[in-house]
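# Fold and contact review
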Amino acid sequence: MQSLSRAQARRVALAAQGFLDPPHAVATLRTFDRTVARTGVLQVDSVNVLQRAHFMPLYSRMGPYDVDLLRRASSGRQRRMVEYWAHVQAFMPVELWPAMRHRMDQYRDRRGKWFTVAEDDQLEAALLAEIADRGPSTARELDDGLPRTKDHWGWNWSRTRRMLDYLFTVGDLAIEGRNSQFEIRYDLPERVLPARYVDAPALSATDAHVELVRRAARSHGVASAQCLADYYRIRVGEARPAIAALVEAGELEPVRVEGWSRPAYLHTDARLPRKVGARALLSPFDPVVWERDRAEALFDFFYRIEIYVPADQRVHGYYVLPFLLGDRIVGRVDLKADRATGRLLVQSAWAEGHAPPETASELAVELWRLAGWLGLDAIEVAPKGDLAPSLVSALAACGAA
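Keep in mind it's a predicted model, so treat the numbers as computed, not measured. (Residues numbered from 1 in each chain as written. Predicted model: local features only at pLDDT ≥ 70, side-chain atom pairs only at ≥ 80, totals over all residues. Heavy atoms only, no water.)

### Details of the sheet that holds strand S9 (residues 222-224)
For the record, the criterion: Note on pairing: DSSP must find at least two bridges between two strands before they are called paired. In this text, helices come from DSSP runs of H or I with a minimum length of four residues, and strands from runs of E with a minimum of two, each type numbered from the N-terminal end. Angles shown run from 0 to 180 degrees and are taken between the N-to-C directions of axes, each axis being a line fitted to C-alpha atoms and, for helices, limited to the stretch in contact.
Strand order in the open sheet made by the four strands is S1-S10-S11-S9, with mixed pairing throughout. In the strand order of this sheet, the two ends are held by strand S1 (2-4) and S9, each with one partner. Taking each pair of neighbouring strands and ignoring which way they run, the sheet shows an average axis angle of 45 degrees. In this sheet, strand S11 (residues 264-267) lies alongside S9 in antiparallel orientation, the contact comprising three bridges. Across the sheet, residue alanine 223 finds its bridge partner in S11, namely tyrosine 265.

The following block contains the structure:
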């Protein structure tokens with residue numbers, strides 16, 4: 001059985017995620033397609049303290065790009081991407097729709113994803129008829145004015161909103177897009193997706209699990225069964241037969257990874273580069289770090305998002321981005337885009353114990369690049385974190401260059 005050092009496994013993982021791709025002066029839809037082929041999905045999140053989560057993995061790999069590329073790829077009848085509960089709420093390639101039908105059937109059988117939605121045939125029929133007649137619509141536009149509750153994680157959802165989410169999760173509605181307030185616009189699947197995917201027969205649960213594990217393996221390069229299951233949020237018990245089938249088919253190879261107690265699997269098309277020359281800030285929802293145990297096993301990087309932690313209990317900050325340099329995560333910064341004043345706020349900056357001497361200067365270059373992409377013309381660093389003093393000096397030198 002082949003063995004990989006932890007450094008080799010990191011390089012395999014980063015290559016699979018697209019960090020070997022050459023930078024382009026101007027990213028095109030072809031660049032976009034190549035990048036999404038690596039990540040597989042783009043997690044959606046409403047937090048906009050810096051930039052929406054689904055835009056950031058593209059930036060981390062492509063550099064500054066026109067965010068309209070994602071709108072173009074996720075709109076129109078020939079769209080490439082559509083939102084669904086793929087990892088969590090995420091943009092996924094439209095061709096995955098038939099592979100998600102088994103998930104839709106599961107949600108239908110249990111009347112919802114997180115909580116049970118009461119049966120109401122009259123409301124279901126009324127909402128579907130109204131959307132069929134009026135076209136893409138938000139919950140607010142369709143709301144019948146029923147009392148709202150805060151029984152589920154603080155969400156203020158009416159009965160209409162719950163029913164719309166249910167109809168989306170079971171595939172009776174699809175997400176046509178979002179408005180400027182980030183509200184979902186629901187429409188009929190046949191008006192959102194290319195017909196060949198709406199009309200395609202659903203994959204069986206077994207075949208769907210094989211396809212999802214296959215895609216997860218391509219995006220991970222090397223992974224444990226737990227990592228492969230997490231990528232598209234299937235159970236480990238469902239992933240194991242799929243892994244066995246892919247090993248038998250020669251698509252996956254069992255390997256050992258230094259320091260991993262669990263068996264690992266290497267995709268047969270995975271690249272093992274001698275070097276990865278990455279320099280990127282990673283969103284908290286980037287596939288490289290979203291599975292926190294994997295990030296620790298690969299990068300020796302302990303990472304927890306602190307958005308939901310009370311401010312006085314946060315260790316590193318509210319919206320903390322890991323800083324990838326070469327094939328190591330060497331630091332982390334708590335960032336905020338102060339759009340009213342045109343400033344990128346570095347609210348804390350921290351170096352990892354193995355961070356090289358050039359960490360501050362390389363991070364400064366990346367922060368100026370990020371600021372430019374976000375349309376911000378100044379960077380302000382708060383005196384919090386062990387990297388903050390040297391980052392202030394590096395930013396000044398970089399900005400004057």
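Now that the structure has been shown, the text picks up again.
### Quick word on the pattern of salt bridges
Under the convention used in this document: What counts as a salt bridge is simple: a side-chain nitrogen of Lys or Arg found within 4 Å of a carboxyl oxygen of Asp or Glu. Each residue gets one of three labels from its accessible area relative to the maximum for its type: buried under 20%, exposed over 50%, partly exposed in between, using a 1.4 Å probe on protein chains only.
Under the criterion given, the structure shown has 27 salt bridges. We note a salt bridge from aspartate 21 to arginine 38, for which the minimum N-O separation is 2.8 Å. Separated by 17 residues along the polypeptide, aspartate 21 in the loop between helix H1 (6-16) and helix H2 (29-39) and arginine 38 in helix H2 bring together distant segments of the chain. Two residues, glutamate 251 and arginine 214, come together in a salt bridge whose shortest N-O distance is 2.8 Å. Of this pair, glutamate 251 sits in the loop between helix H13 (236-248) and strand S10 (252-257) while arginine 214 is found in helix H11 (residues 205-220), placing the two residues 37 residues apart along the sequence. Relative accessible area serves as the criterion here: at 18%, arginine 214 is assigned to the buried category. Here the salt bridges share partners, and the residues they tie into one network are Glu95, Glu211, Arg214, Arg215 and Glu251.

### Observations concerning the packing of aromatic side chains
Selection criterion: To pair, rings of Phe, Tyr and Trp, with the six-membered ring standing in for Trp, must have centres within 6.5 Å; the planes then decide the type, stacked if under 30 degrees apart, edge-to-face if over 60, and tilted in the middle. Note on geometry: a ring has a charge over it if NZ (lysine) or CZ (arginine) is within 6 Å of the ring centre and within 35 degrees of the ring normal.
According to the stated counting rule, one finds seven aromatic pairs in the structure shown. Where phenylalanine 301 meets tyrosine 303, the ring centres are 5.4 Å apart and the plane angle is 35 degrees; that geometry is what we call tilted. Geometry around phenylalanine 182 places arginine 52 over its ring, the cationic atom sitting 4.0 Å from the centre. The ring of tryptophan 85 carries the charged tip of lysine 113 above its face, separated from the ring centre by 4.5 Å.

### A few points about H11
Just so we agree on the cut-off: Take the number of residues in a helix, subtract one, and multiply by 1.5 Å to get its expected span.
An ideal rise of 1.5 Å per residue puts 22 Å on 16 residues; H11 measures up with 22 Å between its terminal C-alpha atoms. Taking burial as the measure, the 16 residues of H11 include twelve buried ones, the bulk of the element. Those residues of H11 that sit buried are Ala208, His209, Val210, Glu211, Leu212, Val213, Arg214, Arg215, Ala216, Ala217, Ser219 and His220. Looking one or two places after H11, you find glycine 221, whose phi comes out positive at around 80 degrees.

### Quick notes on the layout of surface pockets
In plain terms, the rule: Definitions used for this entry: grid spacing 1 Å over protein atoms alone; cavity, a set of points where a 1.4 Å probe fits but cannot get out; pocket, an open set with protein on both sides within 12 Å along at least 5 of 7 lines; lining residue, one with an atom within 4 Å of a point. Grid points are joined across faces, edges and corners, and a volume is the space filled by probe spheres set on the points. Ten residue types, Ala, Val, Leu, Ile, Met, Phe, Trp, Tyr, Cys and Pro, are classed as nonpolar, four, Asp, Glu, Lys and Arg, as charged, and the remainder, Gly among them, as polar.
Reported here for the second largest pocket is a volume of approximately 560 Å³. Looking at the lining of the second largest pocket, the elements with two or more residues in it are H1, H2, helix H10 (195-198) and H11. It is H2 that provides the largest number of residues to the lining of the second largest pocket, a total of five residues. Per-class residue counts for the lining of the second largest pocket are 14 nonpolar, four polar and eleven charged.

### Thoughts on the environment of aspartate 109
Mapped onto the secondary structure, aspartate 109 falls in helix H5 (residues 101-109). Distance in space between the C-alpha atoms of aspartate 109 and threonine 169 is 11 Å, their sequence separation being 60 residues.

### A word on the sheet that holds strand S14 (residues 328-338)
Reading across from one edge, S12-S13-S14-S15-S16 is the order of the five strands in this open sheet, with mixed pairing throughout. Across the chains shown, the open sheet's two edge strands, defined by having one partner strand only, are strand S12 (278-281) and strand S16 (378-381). This sheet shows a mean twist of 30 degrees between the axes of neighbouring strands, independent of strand direction. With four bridges connecting them, S12 and strand S13 (residues 320-326) associate as antiparallel partners.

### Overview of the packing of H1 against helix H14 (residues 292-299)
As a reminder of what qualifies: If an angle is under 35 degrees, it is roughly parallel; if it is over 145, roughly antiparallel; if it lies from 65 to 115, roughly perpendicular; otherwise it is oblique. Any two residues having at least one pair of non-hydrogen atoms within 4.5 Å are treated as being in contact.
It is the contact of H1 with H14, at a shortest axis distance of 8 Å, that shows an interaxial angle of 125 degrees. It follows from the interaxial angle that H1 and H14 lie oblique. Across from Arg6, Ala9, Arg10, Ala13 and Leu14 in H1, the residues of H14 making contact are Arg294, Glu296, Ala297, Leu298 and Phe299. Of the residues assigned to the contact of H1 with H14, the class counts are six nonpolar, no polar and four charged.

### Digging into unusual backbone geometry
You will see that arginine 111, though not glycine, has its phi angle at about 60 degrees, which is positive. Take arginine 111: it is sitting in the loop between H5 and helix H6 (121-134). A residue is classified by how much of its surface remains accessible, and arginine 111, at 13% relative accessible area, is buried.

### Re the side chain of glutamate 352
Inspection of the secondary structure puts glutamate 352 in the loop between strand S15 (343-351) and helix H15 (359-373). Its relative accessible area of 15% is what places glutamate 352 among the buried residues.

### Examining the nonpolar core
Test applied: To qualify as a nonpolar core, a set must consist of buried Ala, Val, Leu, Ile, Met, Phe, Trp, Tyr and Cys residues joined through side-chain atoms within 4.5 Å.
In terms of nonpolar packing, the biggest core is built from 58 residues, with Tyr84, Met92, Trp97, Leu228 and Tyr232 touching the most fellow members. In contact with tyrosine 84, other than residues within four places in its own chain, are Gln89, Ala90, Met92, Trp97, Met100, Arg103, Met104, Tyr107, Phe168 and Thr169. Within the second largest apolar cluster, 52 residues are counted, among which are Tyr65, Met81, Leu335 and Leu376.

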